[in-house]
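# Reading the structure
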Amino acid sequence: MSNEDAITPTMQNTAHAGPAGPLAGRVALVAGATRGAGRAQAVELGRAGATVYVTGRTTRTRLSEVGRSTETIEESAELVTAAGGTGIAVPTDHLDEAQVRALVERIDGEHGRLDILVNDLWGGEHLLSDAVFGKKSWETPLADGLRILELGARSHVITAALLLPLLIRSDAPLHVEVTDGTAHSNRRYRENIYYDLAKNAPIRLAFGLGQELAEYGGTAVAVSPGFLRSEQMLSHFGVSEENWRDAIAQEPTFAIAESPRYLARTVAALAADPDRAERWNGTSTSSGELAKVYGVTDVDGSQPDAWAYFEDVIHGGKEGSADDYR
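### Considerations on unusual backbone geometry
The backbone phi angle of Glu-191 is positive, close to 70°, even though this residue is not glycine. Relative to the helices and strands, Glu-191 resides in the loop between β5 (174-178) and α6 (193-213).

### Examining the packing of aromatic side chains
Per the stated rule, a full pass over the model turns up 9 aromatic pairs. With a centroid separation of 6.1 Å and an interplanar angle of 50°, the aromatic rings of Trp-307 and Phe-310 are classed as tilted. Taken together, the residues span about one helical turn, with Trp-307 and Phe-310 both in helix α11 (residues 306-315) at a distance of 3 residues. Of the two residues, Trp-307 and Phe-310, both sit in the buried class.

### Some points on the layout of surface pockets
A volume near 350 Å³ is recorded for the second largest pocket. Considering the residues around the second largest pocket, the lining is formed by 16 residues, among which Arg-39, Ala-40, Glu-231, Pro-260 and Arg-261 are closest to the centre. Secondary-structure elements contributing two or more residues to the lining of the second largest pocket are α1 (36-47), α7 (231-237) and α8 (260-271). The element best represented in the lining of the second largest pocket is α1, accounting for 6 residues. Across the lining of the second largest pocket, the residue classes break down as 6 nonpolar, 3 polar and 7 charged.

### Digging into the pairing of strand β2 (residues 51-56)
Burial analysis of β2 places 6 of its 6 residues in the buried class, which makes it a mostly covered element. Judged by which residues are buried, β2 turns out to be covered on both faces: Thr-51, Tyr-53 and Thr-55 on one side and Val-52, Val-54 and Gly-56 on the other are all buried. Sheet analysis places strand β1 (residues 27-31) next to β2, joined by 5 bridges and oriented parallel. In the sheet register, Ala-31 faces β2, and the bridge partner there is Thr-55. For the segment spanning β1, α1 and β2, crossover handedness is right-handed. Inspection of the sheet shows β2 paired to strand β3 (residues 86-91) by 6 bridges, in the parallel sense. Note on β3: the bridge partner recorded for Val-52 is Gly-87. Where the polypeptide runs from β2 across helix α2 (residues 73-83) and back to β3, its parallel neighbour, the crossover connection is right-handed.

### Looking at the side chain of His-94
Locating His-94 in the fold gives a position in the loop between β3 and α3 (97-111). Exposure remark for His-94: the relative accessible area of 0% places this residue in the buried category. In this structure the side chain of His-94 is engaged in a polar contact, spanning 2.9 Å, whose partner is the side chain of Thr-159.

Cut-offs used in this document
- Residues numbered from 1 in each chain as written.
- Predicted model: local features only at pLDDT ≥ 70, side-chain atom pairs only at ≥ 80, totals over all residues.
- Heavy atoms only, no water.
- Helix = DSSP H or I, 4+ residues; strand = E, 2+ residues; numbered from the N terminus.
- Phe/Tyr/Trp six-rings, centres within 6.5 Å; stacked < 30°, edge-to-face > 60°.
- Buried < 20%, exposed > 50% of the residue type's maximum accessible area, 1.4 Å probe, protein only.
- 1 Å grid on protein atoms, 1.4 Å probe; cavity = no way out; pocket = protein on both sides within 12 Å on 5 of 7 lines; lining within 4 Å.
- Points joined across faces, edges and corners; volume = space filled by probe spheres on them.
- Nonpolar A, V, L, I, M, F, W, Y, C, P; charged D, E, K, R; others polar.
- Pairing = 2+ DSSP bridges.
- Right-handed = clockwise from strand over helix to strand, strands pointing away.
- Polar contact = N/O pair within 3.5 Å; in protein donor to acceptor, adjacent residues only side chain to side chain.

Right, here's the structure in full:
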């Protein structure tokens, strides 16, 4: 998210959602909705009837440092609208305060409030294989390590700081911090100090914001997918969503993998829960846990619980297979 990536144009799909859906009339922002879990959450919020602003850096005319032109925020917005919501694409670099302030002004001008903020910013996968995995902190190029912190932590703080004044105008504010791992699973070291800090920061952010939002009847919660079958992960293994199981031969733990729609369905269910503040405010949870609470399933009808599988079988030595945790 350098100055070279700065984007100023905005695009809007003006189709309107029908009256049906538990989130009809609600206004949501999914920050980081270009692909993966962010895109899926935007679509599922739209399917529930919400108006969804989708932000990211990759457009049909601009490419971010992630280097993938196959997914764009315009396409994400179109998918939201096709699902039954209203998708609005706003190119935004969330490390650029001016761009985020412009986003706030636009939402304020068009709706006067924000009901749901999903902070799913990341875009650092391209740094992990060379700079993080298998390296000590002092072996990680400092520039790469600091970039990981910018993408995974600083962007989240900027977004929360500038959007929360709009969010607390809602009668039931919901702030979702998306990260990798729960507070329980992340008590173990996450491979590298920079990655560890970046993926624990959103958990603490949700905890702290939960204290601050409580007086507004709000909810702040950190959520984590399990082993996510994102577009980038499928590409990494050379498979598609249709034949993803072929990748298990390369990586046996991929047997517990879940589609992006799994997390998205659970977040949409949480957003529609009138008792969510009492249940979740200030906590850290996962797609697997939320799925059990709300009766949600993945696209294949299963309920994968990757973090329980890793805890019990991979780290704990318990007898069992991925199928036992689906």
